[in-house]
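The chain contents come next:
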Amino acid sequence: MSDAYCRWCGTALAEHPDIQCRRELDPPRFCPECGRRLRVKVHTAGYEAACRDHGPLLD
Amino acid sequence: MPDVPVTLTPKAPIENRERLTPQAARTAVRAAGVALLDERRQLTLAELAELADVPDSAVPTLAALAHEVRLEWCGDTVEVEGILSAKTGGCPEDCHFCSQSAKFESPVQAMPFLDTADVLAAARETAALGATEFCIVLAIRGPDERTMDRICELVPLVQQEVGLNVAVSAGIVTEAQAKRFAEVGVHRYNHNLETAESFFENVVTTHTWAERFDTCQLVRDQGMELCCGVLLGMGESVDQRIELIGQLRAVEPAEVPLNFLNPRPGTPFAGLPLTEPLEAIRWISLFRLGLPSVILRYAGGREVTLRELQALGLTSGINALIVGNYLTTLGRSPEEDLQMLSDLQMPIGALSKAI
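So, the overall build of chain A
Inference 1: From N to C terminus, chain A includes zero helices and three strands.
Inference 2: Over its C-alpha trace chain A gives a radius of gyration of 11 Å, about what one expects of a compact globule, namely 10 Å for 59 residues.
Inference 3: Burial status across chain A gives 27% buried among its 59 residues.
Inference 4: Pairs at least 24 apart in sequence give 17% of the contacts found in chain A among residues at least 6 apart.

Structure (structure tokens):
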């Protein structure tokens, strides 16, 4: 399924301005399904991101 | 979504300062070398301020002296550390650079204190990379009783289970809290001055620079090593950076993590430009020349600021680094950093303050 919301700014992709808002060294911060902020755990060798409603974010 | 980084290229406003002539720069760098290597004395702040004005073309020369000073005062070992945000976001303070303040609309979702299992797993990851230090970081003004209990339970556990030196960063502490941390074996306590006293009110309004200074003193009074970092690129002047070096000398840190502002979305400093790479090398060199015996650690913002010049920092006075990810942002791959150290033929090990 393709994303409905931007993972880095949370804007609906249908309304997303034509700019690249992903920064290379930022983990995703918003759920691609609902646009809510993700719960993100960053640790030395990785990160886990999960949405309260949609569960863990899988790449 | 495009899978490429945003190009962050706005030029930093260059302060209108007169640069030294190449000849005057050579003279100043030579004199600094005599002071630091032959006479083995600290530079005065006036001497540092003069070195701050060497022309861009002389920055590699300044860096070469900083490297020699680092080798002479600290040796060639590089200390590798991993850090973990054990309690993220929702912070009541308003540090204008930080994505974890509850005062700003930041994409960072607040998270409660991680489980013990998560903390131990992160420590094991850190140890597997050859690191000797692991810092447990909390986004709080200062610890309450429950938080104290959790930290004091974790510190000896990580030490025993994983065998790393454990550092803690938990904000402003009282004398009794500092004492308790020392008793449970906190190796280093991190509390940053962040910026010069004269610039601090532009960065934080919810606590004072003096409160930070006091916590730094308490940490040392209790016999813990003080890790006291700075953040460059928030709009402070050259004179204020020199002022900051003087203030760091006064708190006598064992370690100084050198952060460069990585402007965070939603924070008051979101629109500030990155520090230019060569300017970053100039200031790494100056911090080493001003603080010859400290552990000077690469910290947040180095990847986006220095880009291809990251190895150059290690020959400009840096002798420690944070490996892997940061608190809310990611680092470059640990393998790249370890390869860099191997290529530079710099051994990895634990450091403590030289004098």
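Next, the rest of the story.
Topic: the pairing of strand 2 (residues 133–138) of chain B
All names here are of chain B.
Inference 1: The buried count for strand 2 comes to six of six residues, which makes it a mostly enclosed element.
Inference 2: With burial as the criterion, each face of strand 2 is covered, one bearing Glu133, Cys135 and Val137 and the other bearing Phe134, Ile136 and Leu138.
Inference 3: Once the chain exits strand 1 (residues 79–87) it traverses helix 4 (residues 116–128) before rejoining the sheet at strand 2, and the crossover so formed is right-handed.
Inference 4: Relative to strand 3 (residues 165–169), strand 2 runs parallel, the two sharing five bridges. Within strand 3, the position partnered with Ile136 by the bridge is Val168.
Inference 5: In the classification by handedness, the crossover that spans strand 2, the intervening helix 5 (residues 145–162) and the parallel strand 3 is right-handed.

Quick word on the interface of chain B and chain A
Inference 1: Opposite the 28 residues of chain B that make contact, chain A presents 24 residues.
Inference 2: When contributions to the side of chain B that touches chain A are tallied by element, the ones reaching two or more residues are strand 1, helix 4 and helix 10 (302–306) of chain B.
Inference 3: Residue classes in the side of chain B that touches chain A are distributed as 16 nonpolar, nine polar and three charged.

Comments concerning the sheet that holds strand 2 (residues 46–51) of chain A
Residues and elements named next belong to chain A.
Inference 1: Strand order in the open sheet formed by three strands is 1-2-3, and the pairing between neighbours is antiparallel. Each having just a single partner strand, strand 1 (39–43) and strand 3 (55–56) make up the two edges of the open sheet.
Inference 2: Relative to strand 3, strand 2 is paired through two bridges, and the arrangement is antiparallel. Bridging across to strand 3, Ala50 finds its partner in Pro56.

A closer look at the nonpolar core
All names here are of chain B.
Inference 1: One finds Ile136 and Val168 to be the most contacted residues of the largest nonpolar core, which totals 108 residues.
Inference 2: In terms of residue count, helix 9 (residues 277–290) provides more of this core than any other element does, seven residues in total.
Inference 3: Three or more residues apiece are contributed to this core by two domains, here domain 1 (22–70) and domain 2 (76–343).

Quick word on the confidence of the model for chain B
Residues and elements named next belong to chain B.
Inference 1: Taken residue by residue, chain B gives an average pLDDT of 94. The fraction at 70 or more is 95%.
Inference 2: In the model, residues 1–10 has pLDDT below 50 throughout and makes 16 contacts with residues more than four positions away in sequence or in other chains.
Inference 3: Quick note on the complex model: pTM equals 0.94, ipTM equals 0.94.

Concerning unusual backbone geometry
Residue and element names in this part refer to chain B.
Inference 1: Positive phi outside glycine occurs at Glu252, with the angle close to 45°.
Inference 2: The residue Glu252 is located in the loop between helix 8 (238–251) and strand 7 (255–260) in this model.
Inference 3: The partly exposed category is assigned to Glu252, around which 15 C-beta atoms lie within 10 Å.

Re helix 5 of chain B
Residue and element names in this part refer to chain B.
Inference 1: In this model helix 5 runs 26 Å from its N-terminal to its C-terminal C-alpha over 18 residues, within 8% of the 26 Å that 1.5 Å per residue would give.
Inference 2: When helix 5 is considered as a whole, its buried residues turn out to be Arg150, Ile151, Leu154, Val155 and Val158. For helix 5, the angular spread of buried residues about the axis comes to 135°, placing them on one side. Away from its buried face, by an angle of more than 90 degrees, helix 5 presents the exposed residues Glu145, Asp149, Glu153 and Gln160.
Inference 3: Taken together, the buried residues of helix 5 touch helix 4, strand 2 and strand 3.
Inference 4: In the segment just after helix 5, Gly163 is the residue with positive phi, at about 75°.

What to know about the environment of B:Thr126
Inference 1: Structurally, B:Thr126 can be placed in helix 4.
Inference 2: In this structure, B:Thr126 is in contact with A:Thr44, B:Gly82, B:Ala131, B:Phe134 and B:Leu164, ignoring residues within four places of it in sequence.

Quick word on the domain arrangement of chain B
Residues and elements named next belong to chain B.
Inference 1: Here chain B is described as being made up of domain 1 (22–70) and domain 2 (76–343).
Inference 2: One C-alpha centre belongs to domain 1, the other to domain 2; they are set 27 Å apart.
Inference 3: Opposite the 18 residues of domain 1 that make contact, domain 2 presents 18 residues.
Inference 4: Elements with a minimum of two residues in the side of domain 1 that touches domain 2: helix 1 (22–38), helix 2 (45–51) and helix 3 (59–74).
Inference 5: Per element, the largest residue contribution to the side of domain 1 that touches domain 2 is eight residues, and it comes from helix 3.
Inference 6: Within the side of domain 1 that touches domain 2, the residues separate by chemical class into 14 nonpolar, two polar and two charged.

Observations concerning helix 1 of chain B
Along an α-helix, residues three or four apart share an orientation, since each turn contains 3.6 residues.
Residue and element names in this part refer to chain B.
Inference 1: Here helix 1 is 17 residues long and its end C-alpha atoms lie 23 Å apart, about the 24 Å a rise of 1.5 Å per residue gives.
Inference 2: Among all positions in helix 1, only Ala25, Val29, Ala32 and Leu36 are buried. Viewed along the axis of helix 1, the buried residues span an arc of 60°, placing them on a single side of the element. Turned more than 90 degrees off the buried face of helix 1, the exposed positions are Gln23, Arg30, Val34 and Asp38.
Inference 3: A positive phi of about 50° marks Arg40, the residue just after helix 1.

Conventions adopted
Residues numbered from 1 in each chain as written. Chains lettered and ligands numbered in written order. Predicted model: local features only at pLDDT ≥ 70, side-chain atom pairs only at ≥ 80, totals over all residues. Helix = DSSP H or I, 4+ residues; strand = E, 2+ residues; numbered from the N terminus. Rg over C-alpha atoms; globule rule 2.2 N^0.38 Å. Buried ≥ 20, exposed ≤ 12 C-beta atoms within 10 Å, placed from the backbone. Contact = placed C-beta atoms within 7 Å. Right-handed = clockwise from strand over helix to strand, strands pointing away. Pairing = 2+ DSSP bridges. Nonpolar A, V, L, I, M, F, W, Y, C, P; charged D, E, K, R; others polar. Core = buried A, V, L, I, M, F, W, Y, C linked by C-beta atoms within 7 Å. Domains from an automatic or database assignment. pLDDT = per-residue confidence, 0-100. Expected span 1.5 Å × (residues − 1). Arc of directions from axis to C-beta.

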